[in-house]
Amino acid sequence: MNEAAPATSAHQPAAPSRPGDVVRDVDHRPWPLPHRPWVMSMQWHELLFLHWPQRAERVRAAIPRALELDTFEGHAWIGIVPFRMHAVKPRGFPSLPRLSAFLELNVRTYVRCADKPGVWFFSLDAASRVGVRIARAAFHLPYFDARMTLRREGDVLHYGSRRTHRGAPPALFEARYGPSGGAADGALDRWLTERYGLYAQDGRGRLFRGDIHHARWPLQHAQVEIVRNAMLGGTGLQLPDVAPLAHYAEALSVVAWPLTAAG
């Protein structure tokens, strides 16, 4: 694969909100913003949510015992989410072109702790060696080096990822996707995507929570052709042989808070 390059298109979406505007839009949140100042801002672009239902007991065995598995009508869900990161920076600092923009792809499920829902990541592949190392050290997240590509042709995105991280399980993903028209605003659509926190565990088994905030997802139904998908290595899980539930979002601005002890 070639090195990642920014997607280009004659279609240019509206610019995402500035961080100061993001934190004023809070009516949709299930709980108040943290009292501490946020410390990082970023933008997520050309994002695809792919979700498959899973038997809850299988996923329960793959997450820390300190977390409660979150389910929808009895099913756990596995998500694979490719997208483009842009303008990633600490608060008060400018974006740096080679450090602040890169492709990312995560594999996730949904959990709760102290009655707060959030995301548990099985893996996060990224085309930024510096970003991978910062995230692993500062946020205790399972980031991995990958070579990734994103090319846009009209409303169709061509996304590819191959993990290159030394000693990590192999992982490969390739798909073509884009919006298929129509907003996605059902109960399951929102349950899968409106998550305002993540959980992580350090090498000593300590559990942490990281809060984030953004506007409600501008979700659309998506069309997708998956060419290759081998992203669950090392998880002990397998995807069912069914078509995934697919959503698309063009762009979203996000702010994040530092980790705090959870549970």
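The following paragraphs examine the structure supplied in this document. (Residues numbered from 1 in each chain as written. Predicted model: local features only at pLDDT ≥ 70, side-chain atom pairs only at ≥ 80, totals over all residues. Heavy atoms only, no water.)

### Things to note about the overall build of the chain
Okay, step 1: In terms of helices and strands, the chain carries 5 helices and 13 strands.
Okay, step 2: Buried residues in the chain amount to 50% of all 263 residues.
Okay, step 3: Counting only contacts in the chain whose residues sit at least 6 apart along the sequence, the fraction spanning at least 24 positions is 71%.
Okay, step 4: Accessible area for the chain stands at about 12700 Å²; split by element, carbon and sulfur atoms hold 54% of it.
Okay, step 5: Within the chain, one finds 32 positive and 24 negative side-chain charges whose respective centroids are separated by 8 Å. (Helix = DSSP H or I, 4+ residues; strand = E, 2+ residues; numbered from the N terminus. Buried < 20%, exposed > 50% of the residue type's maximum accessible area, 1.4 Å probe, protein only. Contact = heavy atoms within 4.5 Å. Areas by Shrake-Rupley, 256 points an atom, 1.4 Å probe, with all protein chains shown as cover. Lys, Arg positive; Asp, Glu negative; His and termini not counted. Charge placed at Lys NZ, Arg CZ, Asp CG, Glu CD.)

### Some thoughts on the side chain of R163
Okay, step 1: Residue position: R163 is located in strand β7 (residues 156-163).
Okay, step 2: Since its relative accessible area comes to 9%, R163 is described here as buried.
Okay, step 3: Polar contacts involving the side chain of R163 include one to the side chain of S123, which spans 3.5 Å.
Okay, step 4: A distance of 2.9 Å separates a polar atom in the side chain of R163 from a polar atom in the side chain of D125.
Okay, step 5: Ignoring any residue separated from it by four or fewer positions in sequence, one finds R163 in contact with S123, D125, F144, D145, A146, A168, P169, P170, A171 and M231. (Polar contact = N/O pair within 3.5 Å; in protein donor to acceptor, adjacent residues only side chain to side chain.)

### A closer look at the pairing of strand β10 (residues 207-214)
Okay, step 1: Burial within β10 is extensive, with 8 of its 8 residues counted as buried.
Okay, step 2: Side chains L207, R209, D211 and H213 of β10 all project onto a buried face; the interleaved residues F208, G210, I212 and H214 project onto the opposite face, where all are buried too.
Okay, step 3: Hairpin connection from strand β9 (residues 197-201) to β10: 5 residues lie between these consecutive antiparallel strands, with G205 at a positive phi of about 85°.
Okay, step 4: Strand direction decides the pairing type here: β10 and strand β12 (residues 245-256), joined by 3 bridges, are antiparallel. By the bridge assignment, H214 is partnered in β12 with V254. (Pairing = 2+ DSSP bridges.)

### Quick notes on the side chain of T235
Okay, step 1: Within the element layout of this structure, T235 appears in the loop between β11 (220-230) and β12.
Okay, step 2: On the basis of relative accessibility, which here comes to 18%, the residue T235 falls in the buried class.
Okay, step 3: In terms of polar contacts, T235 uses its side chain to reach the backbone carbonyl oxygen of L232, at 2.7 Å.
Okay, step 4: Excluding its chain neighbours within four sequence positions, the residues that come into contact with T235 are A62 and F122.

### So, the pattern of salt bridges
Okay, step 1: In this structure the tally under the stated criterion is 21 salt bridges.
Okay, step 2: Ionic pairing is found between R190 and D185, a salt bridge with its closest N-O pair at 2.6 Å.
Okay, step 3: Three or more residues are tied together by salt bridges with common partners; here these are E46, R84, R152, D155 and E250. (Salt bridge = Lys/Arg side-chain N within 4 Å of Asp/Glu carboxyl O.)

### Some points on the packing of aromatic side chains
Okay, step 1: Under the criterion given, the structure shown has 6 aromatic pairs.
Okay, step 2: A centroid spacing of 5.9 Å and a plane angle of 65° characterise the contact between W44 and F83, whose relative ring orientation is edge-to-face. Taken as a pair, W44 in strand β1 (residues 40-55) and F83 in strand β3 (residues 75-90) lie far apart in primary sequence, 39 residues in all. The pair formed by W44 and F83 is uniform in burial state, with each residue classed as buried.
Okay, step 3: Its end group placed over the ring of W38, R91 keeps NZ or CZ at 4.1 Å from the ring centre.
Okay, step 4: Cation over ring: R136 sits above F144, and NZ or CZ is 5.3 Å from the ring centre. (Phe/Tyr/Trp six-rings, centres within 6.5 Å; stacked < 30°, edge-to-face > 60°. Lys NZ or Arg CZ within 6 Å of the ring centre and 35° of its normal.)

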